[in-house]
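What follows is the residue order along each chain.
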Amino acid sequence: MPSQIDWLSHLLEMITITGRLEIRCAYGAPWRVAYGQSAAREIPYHVVVKGRAILEDPEDETIRELVAGDIVLLPHGSAHVLHDGSGVGPASVYNREGFHLTVSENAGTGEYLDMLCGRFFIAPPHDRLMRYYLPTKLVVNSTDGAGVANDASTSNNLAALVGLMRVESNKDLLGGSAILNALSSALFTLAIRAASESEQAPMGLLALAGHPRLSPAISGMFSDPARPWTLPDLAGLCSMSRATFIRHFQEKMGGSALDLLMDIRMSLAANELKKTAMTTEAISETVGYQSVTAFRRVFTQWAGMTPAEWRRLYRSDNSHASAAAG
């Protein structure tokens with residue numbers, strides 16, 4: 001088995017994530033915007049195109065300055081506040097509906113901010129993977145690779161993508177909404193890739209994937225989840241003892257390897273249950289369970305409903321969507 005695979009593509013093939021650019025903020029200081037807790041399965045994001053912003057998290061009371069090129073994702077949908085940092089009361093804001101998105105402006109005359117704001121949407125029940133394995137805040141910068149000879153660097157690609165989003169958001173052209181939403185989806189993938197390549201990758205899947213000694217284990221689980229993996233098997237892939245592997249995995253992930261394996265298997269199973277031609281027995285085998293009883297028990301604990309209930313719920317939601325479209 002190869003020691004490295006494209007784990008991010010495997011992950012995003014399991015999880016359907018779509019993006020939507022919704023607001024362009026064009027503010028002069030002083031300004032302030034407060035965001036409440038996002039709805040389930042939504043990840044807000046902000047892209048600072050020009051200027052700077054102060055990001056405050058009222059829950060953990062952290063403060064971070066964002067500068068031009070910074071992209072912030074909030075995978076847990078946390079409430080947050082963005083402002084100019086002056087402490088002065090914000091100038092009045094007025095919104096106007098553009099061709100593809102809302103433009104929010106104010107009467108401030110201070111330092112100028114140009115910021116793109118939107119949301120990513122995660123198809124159920126895969127928000128669990130985002131909650132458990134991504135940090136509450138994820139910040140990457142699209143200008144970190146500026147001037148680097150490697151045109152294919154992730155930061156250069158991010159900068160090009162943000163530039164295209166900015167251009168499209170400024171124009172009232174046919175197909176603009178579809179293009180902006182497609183670019184938003186690509187933004188998610190590039191931001192995750194950039195975070196995993198960072199030396200300061202936070203605890204969770206990003207830190208684990210970037211760890212050279214542990215990456216063979218994550219590669220193995222994503223490439224062959226149905227294999228009857230044991231902790232000694234996974235430790236062997238990493239040329240570690242079982243105890244050393246468990247310790248390093250826990251330090252980087254904040255959880256166990258077998259928990260991650262279960263989440264991968266159940267995510268795949270949830271997708272397979274949408275295919276009416278496959279029986280529950282067949283699906284249990286494809287994700288590594290020889291006992292359909294054991295599979296039903298684990299899936300029910302993971303999803304909060306039985307495999308049959310999940311299948312019925314998906315069919316019902318699809319029927320309602322089809323009726324609304326008709």
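Scroll up to find the structure.
First, a word on what this report is: a plain description of the structure on this page.

How each quantity is defined
- Residues numbered from 1 in each chain as written.
- Predicted model: local features only at pLDDT ≥ 70, side-chain atom pairs only at ≥ 80, totals over all residues.
- Heavy atoms only, no water.
- Phe/Tyr/Trp six-rings, centres within 6.5 Å; stacked < 30°, edge-to-face > 60°.
- Buried < 20%, exposed > 50% of the residue type's maximum accessible area, 1.4 Å probe, protein only.
- Helix = DSSP H or I, 4+ residues; strand = E, 2+ residues; numbered from the N terminus.
- Core = buried A, V, L, I, M, F, W, Y, C linked by side-chain atoms within 4.5 Å.
- Contact = heavy atoms within 4.5 Å.
- Pairing = 2+ DSSP bridges.
- Axes fitted to C-alpha atoms, helices over the stretch in contact; angles between N-to-C directions.
- 1 Å grid on protein atoms, 1.4 Å probe; cavity = no way out; pocket = protein on both sides within 12 Å on 5 of 7 lines; lining within 4 Å.
- Points joined across faces, edges and corners; volume = space filled by probe spheres on them.
- Nonpolar A, V, L, I, M, F, W, Y, C, P; charged D, E, K, R; others polar.
- Salt bridge = Lys/Arg side-chain N within 4 Å of Asp/Glu carboxyl O.

Let's shift gears to the packing of aromatic side chains. Aromatic ring pairs are reported here in terms of the distance separating the ring centres and the angle at which the planes meet. Using the criterion set out here, one finds eight aromatic pairs in the structure. With a centroid separation of 5.7 Å and 35° between ring planes, the pair formed by Tyr27 and Trp31 is classed as tilted. With respect to class, Tyr27 is no different from Trp31; both count as buried. Judged by centre distance (6.5 Å) and plane angle (40°), the rings of Trp310 and Tyr314 are tilted. Separated by four residues within a single helix, Trp310 and Tyr314 lie in helix 12 (residues 307–325), roughly one turn from each other.

For soluble globular proteins, nonpolar side chains are generally found buried alongside one another. Core analysis: the biggest nonpolar cluster contains 57 residues, and Leu187 and Phe245 have the highest contact counts within it. If we ignore the near neighbours within four places in the chain, the residues touching Leu187 are Tyr45, Val47, Ile71, Phe120, Leu158, Leu161, Val162 and Met165. Listed in part, the 15 residues of the second largest apolar core include Tyr27, Ala29, Leu55 and Leu66.

As a further point, take the sheet that holds strand 11 (residues 138–141). The strand order across the open sheet formed by seven strands is 8-9-1-10-3-6-11, and the pairing between neighbours is mixed. The open sheet has two edge strands with one neighbour each: strand 8 (93–97) and strand 11. Neighbour to neighbour, the strand axes of the sheet diverge by 20° on average, direction disregarded. With four bridges joining them, strand 1 (residues 17–28) and strand 9 (residues 102–106) adopt parallel strand pairing. Of the residues in strand 9, the one forming a bridge with Ala26 is Glu105. Where helix 3 (residues 154–170) meets the sheet, it contacts strand 1, strand 3 (42–50), strand 6 (70–73), strand 10 (112–122) and strand 11, and its direction lies at approximately 70° from that of strand 1. The strands that helix 4 (residues 176–197) touches are strand 1, strand 3, strand 6, strand 10 and strand 11; relative to strand 1, the one it contacts most, it runs at about 95°.

Counted according to the given criterion, the structure contains one cavity of 30 Å³ or more. Considering only enclosed or pocket space, the largest cavity measures out at about 40 Å³ in volume. The set of elements that each furnish at least two residues to the lining of the largest cavity consists of helix 1 (7–14), helix 4 and helix 5 (205–209). Element by element, the count of residues in the lining of the largest cavity is highest for helix 1, at four residues. Among the residues making up the lining of the largest cavity, the classes are represented as ten nonpolar, no polar and no charged.

Here we come to the pattern of salt bridges. Between side chains of opposite charge, a pair can form as their charged atoms come close. Applying the stated criterion to the full structure yields eleven salt bridges. Asp57 is the partner of Lys137 in a salt bridge, and the nearest nitrogen-oxygen pair spans 3.1 Å. Of the two residues, Lys137 sits in the loop between helix 2 (127–133) and strand 11 while Asp57 sits in strand 4 (residues 52–57), which places them 80 residues apart along the sequence. For Lys137, a relative accessible area of 22% gives the class partly exposed. When salt bridges with common partners are traced through the structure, they connect Arg20, Glu22, Glu42 and Arg119 into a single cluster.

Residue placement: Arg213 occurs in the loop between helix 5 and helix 6 (215–223). Judged by relative accessible area, Arg213 falls into the partly exposed class, the value being 41%. Residues Arg213 and Cys238 lie 25 residues apart in sequence; the distance between their C-alpha atoms is 5.7 Å. Arg213 has contacts with Cys238, Ser239, Met240 and His248, leaving out every residue within four places of it along the chain.

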